Amino acid sequence: MNKEGIPSPLKDGLDAFSKENNTSTLITDLKALFKANVLLANVLPVFTGYWLSLAFSNTSFSANWNLFLLTMIGGTMVIAGALIINNWYDVDIDTVMDRTKNRPTVTGNISLKVVLTLGIAFSVFGFILLLFTTIEAAIWAFVGWFTYVILYTMWSKRRYTLNTVIGSVSGAVSPLIGWTAIQSGFHLVPVVLFLILFIFQMPHTFAIAMRKNNEYKAAGVAMLPVVHGFAMTKRQIFVYVACLLPLPFYLVSLGTTFIVIATLLNITWLALGIYGFFTKNDQKWARVIFIYSVNYITILFLLMVIVTLPLFG
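None of the values given here were measured: they were computed from a predicted structure.

Student: Teacher, can you tell me more about the overall build of the protein chain here?
Tutor: Within the protein chain, the regular secondary structure consists of 14 helices and zero strands. Listed N to C, the secondary structure of the protein chain is α-α-α-α-α-α-α-α-α-α-α-α-α-α in terms of helices and strands. Relative to its length of 313 residues, the protein chain is compact, with a C-alpha radius of gyration of 22 Å against a globular reference of 20 Å. Here the protein chain holds 313 residues, and 45% of them are scored as buried. Sequence separation of at least 24 residues holds for 73% of the intrachain contacts in the protein chain that already meet a minimum separation of 6. Each charge class in the protein chain can be summarised by its mean position, and for the 20 positive and 12 negative side chains these summaries are 9 Å apart.

Student: Would you explain the nonpolar core in this entry?
Tutor: Generally speaking, nonpolar side chains in soluble globular proteins are found buried as a group. Ile196, Phe258, Tyr296, Leu300 and Met304 are the most contacted members of the largest nonpolar core, which totals 42 residues. Mapped by element, the contributors of at least two residues to this core are helix H2 (36–56), helix H10 (188–211), helix H12 (224–244), helix H13 (256–275) and helix H14 (282–306). Here this core gets 12 residues from one element, more than from any other, and that element is H10. Those residues in contact with Tyr296 that lie beyond four places of it in its chain are Phe200, Leu244, Leu265, Asn266 and Trp269. One finds Val43, Tyr50, Ile79 and Ile84 within the second-largest nonpolar core, a separate group that totals 30 residues.

Student: Whenever I open this one, the side chain of Thr164 confuses me. Can you help?
Tutor: Residue placement: Thr164 occurs in helix H8 (residues 163–172). A residue is classified by how much of its surface remains accessible, and Thr164, at 5% relative accessible area, is buried. Leave out the neighbours within four places in its chain, and Thr164 touches Gln201, Met202, Thr205, Phe206 and Met223.

Student: Please explain the packing of H12 against H13 as it appears in this structure.
Tutor: When two helices pack together, their arrangement is given by the angle between their axes and by how far apart the axes lie. Where H12 meets H13, the closest approach of the two axes is 9 Å, and the angle between their N-to-C directions is 165°. As summarised for this structure, H12 and H13 are arranged roughly antiparallel, according to the angle between their axes. Crossing of H12 over H13 shows left-handed handedness. Along its contact with H12, which presents Phe238, Val241, Ala242 and Leu244, the element H13 presents Asn266, Trp269, Leu270 and Ile274. Here the contact of H12 with H13 is composed, by residue class, of seven nonpolar, one polar and no charged.

Student: Please explain the packing of aromatic side chains as it appears in this structure.
Tutor: The geometry of an aromatic ring pair comes down to the distance between the two centres and the angle between the two planes. All chains considered together, the criterion is met by 24 aromatic pairs. Geometrically, the ring pair formed by Tyr50 and Phe61 is edge-to-face, given 6.3 Å between the ring centres and 80° between the ring planes. Of the two residues, Tyr50 is situated in helix H2 and Phe61 in the loop between H2 and helix H3 (65–89); the sequence distance between them amounts to 11 residues. For the ring pair Trp65 and Phe68, a centre distance of 5.7 Å and an interplane angle of 85° mean the geometry is edge-to-face. Taken as a pair, Trp65 and Phe68 lie in helix H3 at a separation of three residues, close to a single helical turn. Here Trp65 falls in the partly exposed class, since its relative accessible area comes to 44%. Following the ring pairs from residue to residue traces out a cluster consisting of Phe47, Tyr50, Trp51, Phe61, Trp65 and Phe68. Its end group placed over the ring of Trp285, Lys234 keeps NZ or CZ at 5.7 Å from the ring centre.

The rules behind the values
Residues numbered from 1 in each chain as written. Predicted model: local features only at pLDDT ≥ 70, side-chain atom pairs only at ≥ 80, totals over all residues. Heavy atoms only, no water. Helix = DSSP H or I, 4+ residues; strand = E, 2+ residues; numbered from the N terminus. Rg over C-alpha atoms; globule rule 2.2 N^0.38 Å. Buried < 20%, exposed > 50% of the residue type's maximum accessible area, 1.4 Å probe, protein only. Contact = heavy atoms within 4.5 Å. Lys, Arg positive; Asp, Glu negative; His and termini not counted. Charge placed at Lys NZ, Arg CZ, Asp CG, Glu CD. Core = buried A, V, L, I, M, F, W, Y, C linked by side-chain atoms within 4.5 Å. Axes fitted to C-alpha atoms, helices over the stretch in contact; angles between N-to-C directions. Parallel < 35°, antiparallel > 145°, perpendicular 65-115°, else oblique. Left-handed = near helix turned anticlockwise from the far one by under 90°. Nonpolar A, V, L, I, M, F, W, Y, C, P; charged D, E, K, R; others polar. Phe/Tyr/Trp six-rings, centres within 6.5 Å; stacked < 30°, edge-to-face > 60°. Lys NZ or Arg CZ within 6 Å of the ring centre and 35° of its normal.

Below is the structure:
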């Protein structure tokens, strides 16, 4: 029994529980601040770009560990920095939207000054690390960062439906960061990777905007379904998915297995897009499109790595 009247073992247990809760809250806040799912989704193409660049230049992975670590850590830090600054700038609209109201910038668990400092620090250190790879890799990282932070977050997101196009450019440069750490980006493969990522992000983002249409409307964000309605959004989803159909055939060097699987993925997505013209439950359909898009891009970029493993010759 201590002087507070609580048996010591019980007090120790309460202290441990409180500390565990604080740790859990901090981890949750950091995951939200770094947009963990978005960060991972952007880091995978960096790795795929790096891996394919090694494969197409007959360069050994094991002999380039230092370069690999510099590329992945630097690229991840730049992407994280951009996402953190986005959280800092968007705190006013995040307060209005249900999907973002628990971010630490909204709850006040992490001060805005600390958030901005973290965003700038991660960005700067990421660029410095990438400069130890190649200047071209650092340039592509800056293109992505500038497009996302300045052109998307601070300029177009609240004003124009083209914000999705601009935001998609920033995400599409990620494989170029990985590729150009090894060799020049003036090659068909990284260009096609850019196009796949750019086009994929359009229906992916439109599906999110449909699902959260009322929230975006309340926050005054100029997403396509908010401004032009669901019918227009469905048509654009169909058109962009259709644009993915020819792209696998520009990657014939990845083999027949890749082309067949990628084409089946594209045809399935197109069929889902067509179904959207007949469904009466737009929200359920948009959720299916969103889930499919996440799995689509993950499978596709992992598949590119798998088919170029030495095991497959």
